[in-house]
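So the chains spell out like this:
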4 protein chains.
Amino acid sequence: MVPRYSRPEMTAIWSPENRYCIWFAIEVFAAEAMGRIGMIPAADAQKIRAAYDADVLGEIDIAAIDEIEAVTKHDVIAFLTWAGSKMGPESRYLHQGMTSSDVLDTALAVQLKQAADLLIRDLDELLAVLKRRAFEHKLTPTIGRSHGIHAEPTTFGLKLAQAYAEFDRCRTRLVAAREDIATCAISGAVGTFANIDPAVEAHVAQELGLTPEPVSTQVIPRDRHAMFFATLGVVASSIERLAVEIRHLQRTEVLEAEEYFSPGQKGSSAMPHKRNPVLTENLTGLARVVRSAVTPALENVALWHERDISHSSVERYIGPDATITLDFALARLTGVVDKLVVYPERMQKNLDRMGGLVHSQRVLLALTHAGLSREDSYALVQRNAMKVWESDGQLSLLQLLKDDPQVAEKMSAEELERLFDLGHHMARVDTIFERVFGAAEPKI
Amino acid sequence: MVPRYSRPEMTAIWSPENRYCIWFAIEVFAAEAMGRIGMIPAADAQKIRAAYDADVLGEIDIAAIDEIEAVTKHDVIAFLTWAGSKMGPESRYLHQGMTSSDVLDTALAVQLKQAADLLIRDLDELLAVLKRRAFEHKLTPTIGRSHGIHAEPTTFGLKLAQAYAEFDRCRTRLVAAREDIATCAISGAVGTFANIDPAVEAHVAQELGLTPEPVSTQVIPRDRHAMFFATLGVVASSIERLAVEIRHLQRTEVLEAEEYFSPGQKGSSAMPHKRNPVLTENLTGLARVVRSAVTPALENVALWHERDISHSSVERYIGPDATITLDFALARLTGVVDKLVVYPERMQKNLDRMGGLVHSQRVLLALTHAGLSREDSYALVQRNAMKVWESDGQLSLLQLLKDDPQVAEKMSAEELERLFDLGHHMARVDTIFERVFGAAEPKI
Amino acid sequence: MVPRYSRPEMTAIWSPENRYCIWFAIEVFAAEAMGRIGMIPAADAQKIRAAYDADVLGEIDIAAIDEIEAVTKHDVIAFLTWAGSKMGPESRYLHQGMTSSDVLDTALAVQLKQAADLLIRDLDELLAVLKRRAFEHKLTPTIGRSHGIHAEPTTFGLKLAQAYAEFDRCRTRLVAAREDIATCAISGAVGTFANIDPAVEAHVAQELGLTPEPVSTQVIPRDRHAMFFATLGVVASSIERLAVEIRHLQRTEVLEAEEYFSPGQKGSSAMPHKRNPVLTENLTGLARVVRSAVTPALENVALWHERDISHSSVERYIGPDATITLDFALARLTGVVDKLVVYPERMQKNLDRMGGLVHSQRVLLALTHAGLSREDSYALVQRNAMKVWESDGQLSLLQLLKDDPQVAEKMSAEELERLFDLGHHMARVDTIFERVFGAAEPKI
Amino acid sequence: MVPRYSRPEMTAIWSPENRYCIWFAIEVFAAEAMGRIGMIPAADAQKIRAAYDADVLGEIDIAAIDEIEAVTKHDVIAFLTWAGSKMGPESRYLHQGMTSSDVLDTALAVQLKQAADLLIRDLDELLAVLKRRAFEHKLTPTIGRSHGIHAEPTTFGLKLAQAYAEFDRCRTRLVAAREDIATCAISGAVGTFANIDPAVEAHVAQELGLTPEPVSTQVIPRDRHAMFFATLGVVASSIERLAVEIRHLQRTEVLEAEEYFSPGQKGSSAMPHKRNPVLTENLTGLARVVRSAVTPALENVALWHERDISHSSVERYIGPDATITLDFALARLTGVVDKLVVYPERMQKNLDRMGGLVHSQRVLLALTHAGLSREDSYALVQRNAMKVWESDGQLSLLQLLKDDPQVAEKMSAEELERLFDLGHHMARVDTIFERVFGAAEPKI
């Protein structure tokens with residue numbers, strides 16, 4: 001966890017305080033269920049639940065627990081010892097028939113579920129901003145580029161609609177990943193429920209909003225966590241895509257959009273004129289960081305027999321790092337899109353700089369329709385297009401075509417001019433917006 | 001693609017023949033739709049469709065297409081030129097208003113969908129075998145191990161039930177990944193439908209069993225492919241887990257199960273007695289191979305602007321490699337599980353070798369119930385357990401406890417003996433089987 | 001291995017023919033040494049060596065060997081059986097006291113050494129081309145960019161000198177990796193030389209140009225291979241860096257350099273004017289492919305005990321794939337750099353488009369020297385720089401500064417003009433070239 | 001950084017205090033050089049150096065610097081402003097002609113060099129412990145295992161000698177990586193030395209024990225860092241290998257060695273008898289963590305043009321995480337090896353449990369020497385070996401061979417007995433120790 005790339009709410013999920021609170025909840029709900037089925041005395045179970053409802057632990061004394069752990073070298077026992085000191089003799093019924101992993105793994109599931117909820121909320125905020133700005137620029141013409149080379153016109157709103165659709169898919173994936181991870185295991189040392197009734201697991205699961213793990217083996221199987229972190233890696237890659245797009249748009253030679261640059265900000269200690277796309281460059285790096293959790297999460301799946309503990313240290317890193325970083329990155333991206341300074345005039349200027357080459361495909365098609373073979377049409381267009389290209393946009397493709405006798409044979413000047421109409425490229429924008437947003441106009 | 005780790009059906013999906021057949025289908029269905037909406041002459045469109053239905057291309061002449069591509073340096077144009085040579089003049093209406101990626105990306109979607117279908121079928125076969133063997137060994141006692149150390153008894157059927165549940169989750173994920181990938185884009189140079197009606201895309205999608213891509217930008221967005229390959233990586237990791245389990249079971253000192261060893265097989269050129277778990281070791285390696293596709297697939301997401309072509313070379317490797325290898329690995333694992341030689345007597349022998357230590361937790365619980373504090377119970381059990389441990393299983397924990405006066409104070413010999421009953425650990429197996437398979441007994 | 005990204009020489013290294021030839025050489029040299037030390041009859045050993053020198057095997061009959069392997073399920077035994085059929089009874093002394101891995105691992109070492117030699121040669125060719133073009137453009141001014149934003153002038157030659165220095169480091173690393181991998185193990189079933197004299201290993205090592213592995217355990221330890229593939233991953237990343245640079249330079253708005261575009265080539269089936277940087281985009285993808293070998297190679301290190309065979313399947317993929325792809329990529333990059341079309345006028349035009357902002361740091365420094373505080377100098381420069389920036393390069397920073405009374409107080413117009421001299425940025429180019437190439441002028 | 005996997009010395013390298021101290025040193029040494037060449041007044045330069053020598057900054061006031069950065073949004077400017085407040089007017093000559101990255105990148109080089117020094121020291125400590133224990137168990141017989149299956153005898157000392165050789169290679173690689181990373185760049189905004197004399201860089205480099213970067217471009221090229229982190233990934237994988245070995249040895253069924261288990265330690269909250277190899281399991285996980293830095297480091301190489309800043313956020317994570325974790329892991333592994341409890345009797349017992357099968361290869365060879373064909377010898381040995389195998393080690397291979405008339409024809413009982421002599425497998429241990437340690441006996 002790097003403080004500058006962390007936000008408090010997500011960070012709190014990974015605090016020792018939150019972890020211990022979840023541990024206590026698990027132990028208490030388990031005891032409550034055990035009381036009901038007579039595994040432990042009902043009265044003691046009720047006392048335990050009452051202590052929980054009365055917030056008997058109060059402020060968690062991390063230092064005291066650490067001190068006990070230094071002796072026992074076992075974190076759950078250390079916590080239970082401390083918690084017991086805050087309670088009456090009923091505390092001895094805590095953790096009955098349970099194994100540490102029942103607590104640890106279920107607690108991790110709760111933390112990952114909490115994290116997923118935040119990330120889904122982050123995505124919702126990003127989606128809202130993308131939608132607003134997409135509609136704002138629905139018909140702002142801009143050049144579409146393939147291979148970094150001008151291709152055909154599109155609109156800036158379509159670029160944002162693409163991002164919206166992509167992050168909407170990410171949301172769906174994250175909801176699935178959240179469901180995958182949100183399971184509860186209270187099944188004992190090797191998952192046989194030898195010393196604990198499945199009813200305990202069922203009760204704890206329900207109280208915590210989890211589903212019972214169908215078959216656990218002391219631990220919740222790590223394919224679930226692998227899927228979770230793999231999904232975060234995909235979301236991070238989508239962040240990278242939009243960040244790279246903005247970095248490209250802010251290049252000096254392109255400058256079609258720019259990250260918001262606050263008045264007091266210094267771009268460079270040496271070059272006072274510079275406005276660098278540092279936020280999106282940062283997001284590009286953070287995407288690499290989130291992605292780096294995927295491989296260790298996949299390597300964590302193949303634990304030995306019923307479990308080994310090699311996954312644990314990995315999760316101490318990637319659990320907080322991947323979720324905190326992704327939360328930060330989503331929020332940063334939302335801010336960037338929200339305040340992105342867009343330059344429609346510059347977009348138009350760039351669009352025009354190729355002397356109309358971007359309309360060449362329409363000419364090609366029209367010539368084919370006018371009866372030329374595809375090969376001949378292609379040669380005819382390319383011949384003129386190359387002249388424009390070599391003039392660095394000083395020559396006009398429209399004019400050259402008008403002047404080309406072989407073209408003139410097939411097509412009038414008016415027909416040619418119609419082919420160069422930008423509006424043509426906007427005709428389907430509404431259709432696409434309807435697909436993406438369910439409507440061509442924003443709902444008020 | 002490594003031939004020895006390939007099966008013909010999956011390999012055929014990635015053959016040039018299959019790719020060209022899909023390309024042709026896309027072009028034909030697109031032309032058919034264009035004919036209907038008057039983009040091209042209806043009669044020519046019908047001729048094109050009729051040619052397709054009559055299998056006009058026949059055997060695909062790869063060499064001829066390669067020869068054309070060597071000149072044009074463009075694969076789709078090369079194919080269309082060759083296909084045109086098999087058809088009448090109507091062929092000039094093929095590919096109208098389309099861009100190469102309309103064909104390439106939609107074709108890749110079809111290939112990945114075909115691959116996903118095979119993988120899902122593979123999983124179904126693996127699941128069937130796992131289920132059969134799980135029920136076969138539902139009550140075969142075996143020691144559960146955490147950290148590689150004997151923990152508590154479980155059953156071999158439960159191990160297989162766990163694997164079943166894990167691969168069942170993998171199946172669900174694969175179905176979602178298949179849906180994610182199965183989209184169709186016929187949207188032109190930058191995805192604006194400037195020169196092509198969305199109805200064309202809709203028709204092609206329907207004919208091919210795909211859904212239209214809501215917003216494409218010449219290419220289908222690569223977050224879909226990233227999710228697909230990430231999912232394959234998770235499945236591979238689950239394969240690794242089961243493979244590692246079997247390798248452990250086949251260790252000389254454990255030998256609870258063994259890969260089937262055919263009579264003629266030689267284990268080693270030097271040591272004729274060796275029976276090595278080479279299939280599952282191989283699966284461990286193949287899992288690494290499939291996983292290695294995940295990172296490049298994630299790196300492919302952030303294409304520049306509307307598209308760059310950096311993803312293409314990556315997909316030429318990982319498309320075939322990851323799917324062919326995973327198909328092979330799933331089939332190999334199915335074979336291993338199907339024919340796995342299981343040694344229940346050896347499982348029992350290993351279970352007994354710890355002198356009853358595996359029952360210590362039950363004793364611990366019982367002592368607590370009998371009124372001792374958790375700490376005292378723990379100390380009492382550990383004191384005796386350590387003696388057994390140090391005797392290398394020669395001493396019996398049950399006997400030592402019977403002989404321990406402090407234990408005797410709390411518990412009779414009969415009570416102690418009940419705690420050492422193996423049946424206790426089997427009591428919930430039916431419950432777990434019901435969760436996993438929907439029934440505690442196999443359906444006939 | 002993808003044929004279109006493969007060159008014959010590297011591909012041949014990974015052919016079964018080459019592998020069998022190396023196996024035979026190992027077996028023969030081993031037998032020769034055994035003959036000398038009396039492990040096998042000297043006369044038979046000499047016959048074996050004579051058969052080798054007479055090329056007794058001739059064309060390798062892959063099909064015949066495959067047929068034997070189908071029965072024995074053991075590749076080395078299959079090969080030896082076939083090779084024996086070409087020889088007299090002396091063949092029974094082949095492989096005495098050896099284990100398959102003695103042959104397999106040493107053979108892999110030879111293949112990787114051969115591959116490394118090719119890659120080093122590739123790098124030498126790339127370095128030669130980079131050097132030539134660096135000197136050609138040593139003083140071609142171009143804008144240096146940080147964050148994609150114009151920073152200060154540099155030269156195109158310096159960009160290439162940087163690439164040269166980077167690939168020169170890659171060469172050093174590759175030489176080290178080659179040394180790391182080039183070891184020989186003929187040490188028996190678990191590496192104890194129980195049945196074979198270390199002198200055999202020494203002789204085979206010497207004949208093959210390898211060093212004896214100090215301590216092997218049936219296999220050569222895989223940390224060596226991990227280091228080898230990690231090094232390939234670094235080289236691939238350096239390829240990506242230069243490829244990305246060229247892709248940026250070829251962008252429509254920048255167009256300072258361009259991949260060579262042969263006359264017959266079609267850029268797009270739809271847009272005949274397009275010249276796309278497809279080679280460098282391809283290299284970007286191939287870099288991802290080569291890098292994807294690193295993680296599985298690292299995962300291969302932790303083999304169980306003296307060895308397991310999980311590494312083997314991984315190496316069947318990454319051995320050929322990573323080396324063949326990297327060989328192809330280096331050669332492709334060499335071709336791209338060799339024929340790169342450079343546009344110095346366009347570089348100058350881009351350099352000028354910012355209205356002189358790129359000289360702002362020099363002004364800043366001069367004002368500080370003229371007695372202003374750093375903060376005041378910064379504010380003064382930024383005030384004027386912002387105006388130029390907002391004019392999209394239409395205003396001239398030099399003119400604005402001349403007209404700024406606070407600046408004029410400190411600095412004359414002549415002084416200001418001197419600060420805008422481009423030559424200033426070229427003054428150290430010779431120094432840097434001397435560092436990189438050992439001389440400021442190319443040797444003839 | 002996870003506190004429980006961190007040691008203070010390495011952590012301190014990554015503290016803000018250390019970073020600011022290095023920044024200050026760079027700025028001061030640069031000013032000193034500038035004073036000498038007249039770039040800034042000599043007297044001011046001397047004052048700056050004197051202030052440094054007098055430790056003018058004292059305790060670094062992180063909070064104050066953070067406060068300034070909150071306004072300027074620029075870390076180096078913030079630090080310089082604060083440092084300036086501790087000095088006289090000479091402070092305005094700090095950072096003259098330099099760009100932030102001159103400071104940042106050179107400082108990172110110093111930190112990585114410091115980290116490498118610690119890691120090399122860690123390796124030296126590990127090597128010393130491995131050497132001691134290797135000699136201690138040089139002739140302790142143990143079974144060598146391939147595929148997890150008993151192969152032939154080896155010694156426990158040889159296992160440790162292998163680890164020694166592997167970590168010795170890691171040391172060599174780390175020394176190379178340290179050299180790769182230890183460069184200094186003070187070359188200005190795009191690396192042209194436009195506003196700064198290369199003599200400044202040379203002086204700073206010398207003072208800090210770095211070499212000047214031949215050609216930098218505002219930043220030090222990231223292939224160096226990629227190589228550094230890739231090397232850490234290889235070291236981590238070697239740690240994993242030894243950790244996995246120990247985990248295997250501690251398995252209940254094997255139990256040939258065990259992590260030291262302190263008297264107060266509790267193995268499990270549920271199973272008091274358990275002694276789990278938790279340290280080596282932890283190391284297995286930590287290896288995954290360190291390795292996860294490799295891919296993002298490789299992705300950092302391809303910065304745009306002269307630089308973008310995407311690498312920076314990545315390095316804020318992996319710089320501390322990979323080095324701190326690896327330092328911790330090496331120290332932990334050293335402790336594990338140092339105190340490893342070894343059970344030679346158990347090793348002997350396991351060695352004997354296969355009824356002599358481990359000697360089969362020697363018999364095979366001897367039969368071949370006695371005139372049988374390889375195939376016949378193989379069949380003969382396998383026939384008897386299979387019986388032993390199926391008896392689960394109850395039958396003795398030696399006895400069966402003695403009783404086999406076809407064997408008896410070729411070999412006397414005495415000859416057979418000689419083949420089963422364990423000493424035979426120890427004969428070359430001295431040779432291997434000489435190769436690895438330079439001597440067969442430990443130096444006193």
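Residues numbered from 1 in each chain as written. Chains lettered and ligands numbered in written order. Predicted model: local features only at pLDDT ≥ 70, side-chain atom pairs only at ≥ 80, totals over all residues.

Undergrad: Residues and numbers for the relation of the copies chain C and chain B, please.
TA: Its rotation angle being 180 degrees, the transformation that places chain C on chain B also includes 0.0 Å of axial translation and leaves an RMSD of 0.1 Å. One copy is carried onto the other by what is essentially a two-fold rotation axis. Minimal C-alpha separation from the rotation axis in chain C is found for S292(C), amounting to 2.8 Å. A share of 100% of interface residues in chain C that are also interface residues in chain B marks the association as one of identical surfaces. (Least-squares fit on C-alpha atoms with pLDDT ≥ 70 in both. Contact = placed C-beta atoms within 7 Å.)

Undergrad: Please give an account of the UniProt feature "domain: Adenylosuccinate lyase C-terminal" (unreviewed entry) in chain A that cites residues and values.
TA: When the UniProt feature table is mapped onto this chain, "domain: Adenylosuccinate lyase C-terminal" (unreviewed entry) is found at residues 355-437 of chain A. When the span residues 355-437 of chain A is considered, its composition is 67% helix and 0% strand, and the gap between its end C-alpha atoms is 34 Å. (UniProt positions renumbered as here; feature names shortened; annotations may be inferred. Helix = DSSP H or I, 4+ residues; strand = E, 2+ residues; numbered from the N terminus.)

Undergrad: Please set out the interface of chain C and chain B residue by residue, giving values where relevant.
TA: Accessible area lost during the coming together of the parts is what is often quoted as the interface size. Listed per partner, the contact involves 41 residues of chain C and 41 residues of chain B. Among the elements of the structure, α4 (62-72), α5 (75-85), α10 (278-291), α11 (294-299) and α12 (310-339) of chain C are those that each provide at least two residues to the side of chain C that touches chain B. The class makeup of the residues in the side of chain C that touches chain B is 16 nonpolar, 17 polar and eight charged. (Nonpolar A, V, L, I, M, F, W, Y, C, P; charged D, E, K, R; others polar.)

Undergrad: Now, about the domain arrangement of chain A: what can you tell me, with residues and values included?
TA: Once the domains are mapped, chain A shows domain 1 (1-96), domain 2 (99-351 + 428-444) and domain 3 (357-419). Here the C-alpha centre of domain 3 of chain A lies 76 Å away from the C-alpha centre of domain 1 of chain A. (Domains from an automatic or database assignment.)

Undergrad: Describe the packing of helix α6 (residues 100-136) of chain A against helix α12 (residues 310-339) of chain A, and please don't skip the residues or the numbers.
TA: Residues and elements named next belong to chain A. At a minimum axis distance of 9 Å, the contact between α6 and α12 shows a crossing angle of 15 degrees. Of the possible angle classes, the one that applies to α6 and α12 is roughly parallel. Handedness of the α6/α12 crossing: left-handed. Across the interface between the two elements, L108, Q111, A115, L118, L119, D122, L123, E125, L126, V129, L130 and R133 of α6 pack against E315, G319, T323, L326, D327, L330, A331, L333, T334, V337 and D338 of α12. Here the residues of the contact of α6 with α12 are counted per class, giving 13 nonpolar, four polar and six charged. (Axes fitted to C-alpha atoms, helices over the stretch in contact; angles between N-to-C directions. Parallel < 35°, antiparallel > 145°, perpendicular 65-115°, else oblique. Left-handed = near helix turned anticlockwise from the far one by under 90°.)

Undergrad: Explain the relation of the copies chain D and chain C to me, using residue names and the numbers behind them.
TA: Mapping between the two chain copies consists of a rotation about an axis together with a translation along that axis. Note on the identical chains: chain D maps onto chain C by a rotation of 180 degrees and an axial translation of 0.0 Å, with an RMSD of 0.1 Å. When you check the interface residues of chain D against chain C, 100% turn up at the interface there too, and the contact is symmetric in its surfaces.

Undergrad: Can you tell me about the confidence of the model for chain A, naming the residues and giving the values?
TA: Put simply, chain A has an average pLDDT of 93, and 97% of its residues get 70 or more. Under the prediction, the complex receives an ipTM of 0.95, its pTM being 0.96. (pLDDT = per-residue confidence, 0-100.)

Undergrad: So what's going on with the packing of helix α2 (residues 16-36) of chain C against helix α3 (residues 42-53) of chain C? Residues and values would help.
TA: All names here are of chain C. As a packed pair, α2 and α3 sit with axes 8 Å apart at the nearest point and diverge in direction by 150 degrees. Classified by the angle between their axes, α2 and α3 sit roughly antiparallel to one another. Considering how the two elements wind past one another, α2 and α3 form a crossing that is left-handed. Here F24, V28, A31, E32, M34 and G35 of α2 come into contact with α3, specifically with A42, D44, A45, Q46, I48, R49 and Y52. Taken together, the residues of the contact of α2 with α3 break down into eight nonpolar, two polar and three charged.

Undergrad: How would you sum up the nonpolar core? Please name residues and give values.
TA: Note on soluble globular proteins: their nonpolar side chains tend to be buried together. A329(A), A329(B), A329(C) and A329(D) are the most contacted members of the largest nonpolar core, which totals 533 residues. Excluding its chain neighbours within four sequence positions, the residues that come into contact with A329(B) are A236(B), I239(B), L283(B), L286(B), A287(B) and V290(B). (Core = buried A, V, L, I, M, F, W, Y, C linked by C-beta atoms within 7 Å. Buried ≥ 20, exposed ≤ 12 C-beta atoms within 10 Å, placed from the backbone.)

Undergrad: Break down the interface of chain D and chain C for me, with residues and values.
TA: Opposite the 71 residues of chain D that make contact, chain C presents 71 residues. Elements that contribute at least two residues to the side of chain D that touches chain C include exactly β1 (141-146), β2 (149-155), α7 (156-181), α9 (223-250), α11 (294-299), α14 (360-369) and α19 (429-437) of chain D. In the side of chain D that touches chain C, the residues fall into 29 nonpolar, 24 polar and 18 charged.

Undergrad: I'd like a rundown of unusual backbone geometry, residues and numbers included.
TA: Even without being glycine, L255(A) reaches a positive phi, approximately 45 degrees. On the basis of neighbour counts, which here come to 19 C-beta atoms within 10 Å, the residue L255(A) falls in the partly exposed class. Of note in the backbone geometry, Q218(B) takes a positive phi value of approximately 75 degrees without being a glycine. Along the chain, the position of Q218(B) falls in the loop between β4 (211-212) and α9 (223-250). By C-beta crowding, Q218(B) is classed as buried, having 31 other C-beta atoms within 10 Å.

Undergrad: Explain the pairing of strand β1 (residues 141-146) of chain A to me, using residue names and the numbers behind them.
TA: For β1(A), the buried fraction is high: five of the six residues fall into the buried class. Taken together, β1(A) and the strand that follows it, strand β2 (residues 149-155) of chain A, pair antiparallel across an intervening segment of two residues, in which H147(A) is found at a positive phi of about 60 degrees. (Pairing = 2+ DSSP bridges.)

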